[in-house]
Amino acid sequence: MAETEGASAPERLLITRTTAGDGTSVVTLAGEVDLDGSARLREALLSCPGTGPGTVVDLADVTFMDSSGINALITAHQAAQADGTRLCLAAPQHAVLRVLQLVGVDTLIPCYPTLEEALSAS
């Protein structure tokens, strides 16, 4: 199952949600996570089923993330914890990983170097 949330501006942020074989939701992002797309990201993450093992956010194609994207991830993490599931991040590019590390999100939300590793840990 794949659902594409679309882009608010051409090619700014594309959000695709699929489900892995074990029921884990995989939210794949491509583009820039900024104020323009962070509300859609928050909605997409909060709409993931709370009955599966959790959600993996694939950041491999994210080129930029600002504080509004960080806030969306933290909100989704808190919601997952409240549901008894987990949220983890996969494959951030160096620039995005650096932002996650600077604000300490990588210590709050598990972050894996590849999507495969994140899926096997979820």
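Residues numbered from 1 in each chain as written. Predicted model: local features only at pLDDT ≥ 70, side-chain atom pairs only at ≥ 80, totals over all residues. Heavy atoms only, no water.

**Q** Provide a residue-level description of the pairing of strand β2 (residues 13–19), including the pertinent values.
**A** Two elements, β2 and strand β3 (residues 25–33), share seven bridges in a ladder whose sense is antiparallel. Within β3, the residue paired with threonine 19 across the bridge is serine 25. Between β2 and β3, which follow one another and run antiparallel, lie five residues, and glycine 23 among them has a positive phi close to 95°. (Pairing = 2+ DSSP bridges. Helix = DSSP H or I, 4+ residues; strand = E, 2+ residues; numbered from the N terminus.)

**Q** Let's hear about the nonpolar core: which residues, and what values?
**A** One finds Leu29, Val57, Leu59, Met65, Leu73, Leu89 and Leu100 to be the most contacted residues of the largest nonpolar core, which totals 24 residues. At the level of secondary structure, the elements contributing two or more residues to this core comprise β2, β3, α1 (35–46), β4 (54–65), α2 (67–83), β5 (86–90) and α3 (94–103). Tallying contributions element by element places α2 first for this core, with five residues. When near neighbours in sequence (up to four residues on either side) are disregarded, leucine 89 contacts Val57, Leu59, Leu73, Leu100, Val105, Ile109, Pro110, Cys111, Tyr112 and Ala118. (Core = buried A, V, L, I, M, F, W, Y, C linked by side-chain atoms within 4.5 Å. Buried < 20%, exposed > 50% of the residue type's maximum accessible area, 1.4 Å probe, protein only. Contact = heavy atoms within 4.5 Å.)

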